[in-house]
Amino acid sequence: MGRPTLSASGGRPRGPLRSFVPLTVLAASALAAGALAGPVSAREAGRSETPVPSGSPVTDVVESAVRVKVPLPASAGPHPEACDWLSYLRFRHEDGPAEPARADRILVAQPGILEGAGAFDSVARNTVSAAAKRGKHIEFWALDRRSNCLEDRTGLQAGLRAKDVHLAVDYYYRQKEVDGRKFAGYQSNDQVKWLQNVGLEQTVRDQYDLMVHELPDQAARKQKMLCGGHSLGGVLTAYFAEWDFDGNHATTGDAGYNQCSGYFALDTRIAKGLPGMGGEVPEDWVPLVEFGAGAVQAGLETGVIPRALSAPAVVNTETMNLLGIAGLAANLDPDGVSDLAAYVPSGFNQDMTYRLLFSKDYPTFLKGSPTVKDFRFTNAAALGGLLDDNSQPLAFMQASVGFWDGGRIVDKEFPAPNNLDGLGLGGLSRLLGKEKKAIPDEPGGPLYTWRNYDRVGAPDDPVYKSKDGTPFTSAGKEVTDIAELARSLSEHPLDFTEHYFPTKMVTDIALAGAPGIADDAVHEGGIAANPILNLEAGDGLGFSDPQPGDVVAPGYQHLDVLTASAVQNGGEPEPVSTALAAFAG
């Protein structure tokens, strides 16, 4: 796989993104969509909070979407009014206090790259519920970064209300009007010019401003708040810990580490730079980095460097939205026959994505036949094929949600063979994941269904095997309920995915030592000032080797630390949320 060389054409890279890109998983912000219209409460001007109904099996947790007005500085340049608001999903126990200041603890979570607040749904609910069983009423705040304001979730929310996935497709692809609104299209590189000024400094300051607004007393923040995140969220938390927010480096009451009583890392580390890479972003991953911060900023300002990360297929604004649509279909009718491959109008992006994801080998990919349209899948199976660790080829987008069922299954040898170790290419597992890939092999044949995580290893499991005779998966490798993944992708007013991740965030991390980038990250003892809980996926991205004191969740992939079911195979409680609840206790 090539490195993520970015191009100016349409804001898209010339090669696929590398495995450091963490999805934290997939869908959009109610800020642009208008899904948070009509707040039910407003404690003060510039804040709204709206209840979010949920079909989660964790029924003792209530969710709301919170918006707080924190305008961008004038230096950001022209931008949509919606982008002057910050948003987060607030999860709390039904018996807990209504006011955050009265909660026992508040966990504040930063998403990974290409990830939104909705991705934290399961881990948030599981953690809040587990803490209540321990006698503690905690809250979990899943942050949406400012760039999520560009997403239009109108079609998905309308499809959810009407229980009609075709309505969502018609909104995004056929100019169908919904609630008096028509889809304006995906934003071009020129339309998101203001993102060239939204990087590391703006992101950590947004978190600080939001925390101060919601809990004004610094002593209360220091006592009650735990700061952390998933994947890149651990890196951002490290910078947050060292940041000075009042411009006076001699004072420390405003320092990031004095806003938190501890840190938590979800398949990442609380460390500046990218863990496992010596704290640096390799220069050849980002164009012009080797020429310094001035060249990079000039590249962003001219558009030579795209202002939002994107690739021609699999990872871009449209495919992130398509994941939400696939999640909606699986949420509404998991056993129904999927027609999305045919109902979504044909186009280069979606056709190439299907071709990349559903080709069993290189000859199939090159000739383009059979295509995904030649197979019959249930909606659940279609979603599993997009994100399961035995199907999805990119490790940062993988979850362990079960396995194919209903017909002949063979090894998927594209984009890489399953015997990487035997070929001396085991290092590619960082990019592609450790699990062998599998794919249906009967075009025009049976209806392929999905065997959910808790039915793998059941008495009726045919135990599909790779060509080397070993099973593709086992009960111990499956941890996420596909129904919950589908719900998380489609239910929230704030998306599972991040459609417009600012490139400046990556370049700022790569150039953090240059003047003007992280000048306020001056409190070098900030990370060590508070206790840290590391929660690692046993089969995750492998940012670093497990260390003493780490909580390692066996069989988990990178997304599973966010999406795993509250009850695991064998009846054990989910270990990540259990450990988080104890840490918050």
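Residues numbered from 1 in each chain as written. Predicted model: local features only at pLDDT ≥ 70, side-chain atom pairs only at ≥ 80, totals over all residues. Heavy atoms only, no water.

## Considerations on the pattern of salt bridges
The final tally for this structure, using the stated rule, is 31 salt bridges. With its nearest N and O atoms 3.4 Å apart, the salt bridge here joins Arg 408 to Asp 441. A residue pair is termed long-range when its members are at least 10 positions apart, and Arg 408 in the loop between β9 (402–405) and β10 (409–411) and Asp 441 in the loop between β11 (438–440) and β12 (447–452) qualify at 33 residues. Classification of Arg 408 by relative accessible area gives partly exposed; the value is 44%. For Asp 441, a relative accessible area of 15% gives the class buried. Of the charged contacts, one joins Arg 451 and Asp 461 as a salt bridge, the two residues approaching to 3.9 Å between their closest N and O atoms. Residue Arg 451 is located in strand β12, and its partner Asp 461 is located in the loop between β12 and α15 (482–490); the two are separated by ten residues in the primary sequence. Residue class for Arg 451 comes out buried when judged on its relative accessible area of 3%. Salt bridges sharing partners connect three or more residues here, namely Glu 63, Asp 121, Arg 125, Glu 484, Arg 487 and Glu 491. (Salt bridge = Lys/Arg side-chain N within 4 Å of Asp/Glu carboxyl O. Helix = DSSP H or I, 4+ residues; strand = E, 2+ residues; numbered from the N terminus. Buried < 20%, exposed > 50% of the residue type's maximum accessible area, 1.4 Å probe, protein only.)

## Quick look at the sheet that holds strand β4 (residues 105–110)
Sheets are built from strands paired through backbone hydrogen bonds, the pairs being either parallel or antiparallel. Pairing is mixed across the open sheet formed by nine strands, whose spatial order is β1-β2-β3-β5-β4-β6-β7-β13-β14. The two strands at the open ends of the sheet, each matched to only one other strand, are β1 (47–51) and β14 (551–553). Neighbour-to-neighbour, the strand axes of this sheet turn through a mean angle of 20 degrees, independent of strand direction. Of the strand pairs in this sheet, β4 and strand β6 (residues 225–230) are connected by five bridges, and their pairing is parallel. Within β6, the position partnered with Val 108 by the bridge is Cys 227. Of the strands in this sheet, β4, β5 (138–144), β6, β7 (262–266), β13 (532–537) and β14 touch helix α18 (residues 575–584), which is tilted by about 175 degrees from β13. (Pairing = 2+ DSSP bridges. Axes fitted to C-alpha atoms, helices over the stretch in contact; angles between N-to-C directions. Contact = heavy atoms within 4.5 Å.)

## As for the packing of helix α5 (residues 200–214) against helix α7 (residues 232–242)
With their axes 10 Å apart at the nearest point, α5 and α7 run at an angle of 70 degrees to one another. In this view, α5 runs roughly perpendicular relative to α7, as classed from their interaxial angle. Note on element contacts: α7 touches α5 through Leu 236, Tyr 239 and Phe 240, opposite Leu 200, Thr 203, Val 204, Gln 207, Tyr 208 and Met 211. Split into classes, the residues belonging to the contact of α5 with α7 amount to seven nonpolar, two polar and no charged. (Parallel < 35°, antiparallel > 145°, perpendicular 65-115°, else oblique. Nonpolar A, V, L, I, M, F, W, Y, C, P; charged D, E, K, R; others polar.)

## Remarks on the sheet that holds strand β8 (residues 376–377)
With mixed pairing, the three strands of this open sheet are ordered in space as β8-β12-β9. Only two strands of the sheet have a single neighbouring strand rather than two, namely β8 and β9. Across four bridges, the pairing between β9 and β12 is antiparallel. For Gly 402, the partnering residue across the bridge sits in β12 and is Asn 452.

## Brief notes about the confidence of the model for the protein chain
Predicted confidence across the protein chain gives a mean pLDDT of 89, with 88% of residues reaching 70 or more. Within the model, pLDDT remains below 50 along residues 1–43, and this stretch shows 169 contacts once partners closer than five positions in the same chain are excluded. (pLDDT = per-residue confidence, 0-100.)

## Looking at helix α9 (residues 317–332)
Between its first and last C-alpha atoms α9 spans 23 Å; for 16 residues at 1.5 Å apiece the expected length is 22 Å, and the two agree. By the criterion of burial, α9 is predominantly enclosed, with 14 of the 16 residues buried. Looking at where α9 begins, the residue whose side-chain oxygen comes 3.1 Å from the main-chain nitrogen of Glu 318 is Asn 316. (Expected span 1.5 Å × (residues − 1). Polar contact = N/O pair within 3.5 Å; in protein donor to acceptor, adjacent residues only side chain to side chain.)

## Describing the environment of Leu 160
With respect to the helices, strands and loops of the structure, Leu 160 is situated in helix α3 (residues 154–162). Counting along the chain gives 332 residues from Leu 160 to His 492, while the straight-line C-alpha distance between them is 9.9 Å. Every residue in contact with Leu 160, bar those within four places of it in the chain, is listed here: Leu 328, Asn 331, Leu 332, Ser 490 and Glu 491.

## Topic: the state of the cysteines
Tallying each qualifying case throughout the model produces two disulfides. Take the cysteines of the protein chain that form disulfides and number them in order along the sequence; they join up as 1-2, 3-4. (Disulfide = S-S within 2.5 Å.)

## Points about the side chain of Glu 63
Take Glu 63: it is sitting in strand β2 (residues 61–69). Only 2.5 Å separates the side chain of Glu 63 from the side chain of Arg 125, close enough to count as a polar contact. Sequence-distant contacts of Glu 63, defined by excluding residues within four places in its chain, comprise Pro 51, Val 52, Leu 89, Arg 90, Phe 91, Asp 121, Arg 125 and His 492.

## Focus on unusual backbone geometry
Cis geometry marks the peptide bond from Ser 369 to Pro 370; its omega dihedral reads 0 degrees. Assignment of secondary structure puts Pro 370 in the loop between α12 (362–367) and β8. Here the residue pair Phe 414 and Pro 415 is connected by a cis peptide bond, since its omega of 10 degrees sits within 30 degrees of zero. You can see Pro 415 is positioned in the loop between β10 and α14 (429–432).

## As for helix α11 (residues 348–357)
Here α11 has its buried residues at Asn 349, Gln 350, Thr 353, Tyr 354 and Leu 357. What you see down the axis of α11 is that its buried residues fit within an arc of 130 degrees, all on one side. Buried residues along α11 sit in contact with α4 (165–173), α9, α10 (340–343) and α13 (379–387). (Arc of directions from axis to C-beta.)

## With respect to the packing of α4 against α9
For the pair α4 and α9, interaxial distance at closest approach is 9 Å and the crossing angle is 160 degrees. Considering the angle they form, α4 stands roughly antiparallel to α9. The two elements α4 and α9 meet at a crossing, and its hand is right-handed. Where α4 approaches α9, its residues Val 165, Ala 168, Val 169, Tyr 172 and Tyr 173 are matched on the opposing element by Glu 318, Asn 321, Leu 322, Ile 325, Leu 328, Ala 329 and Leu 332. When its residues are assigned to classes, the contact of α4 with α9 shows ten nonpolar, one polar and one charged. (Left-handed = near helix turned anticlockwise from the far one by under 90°.)

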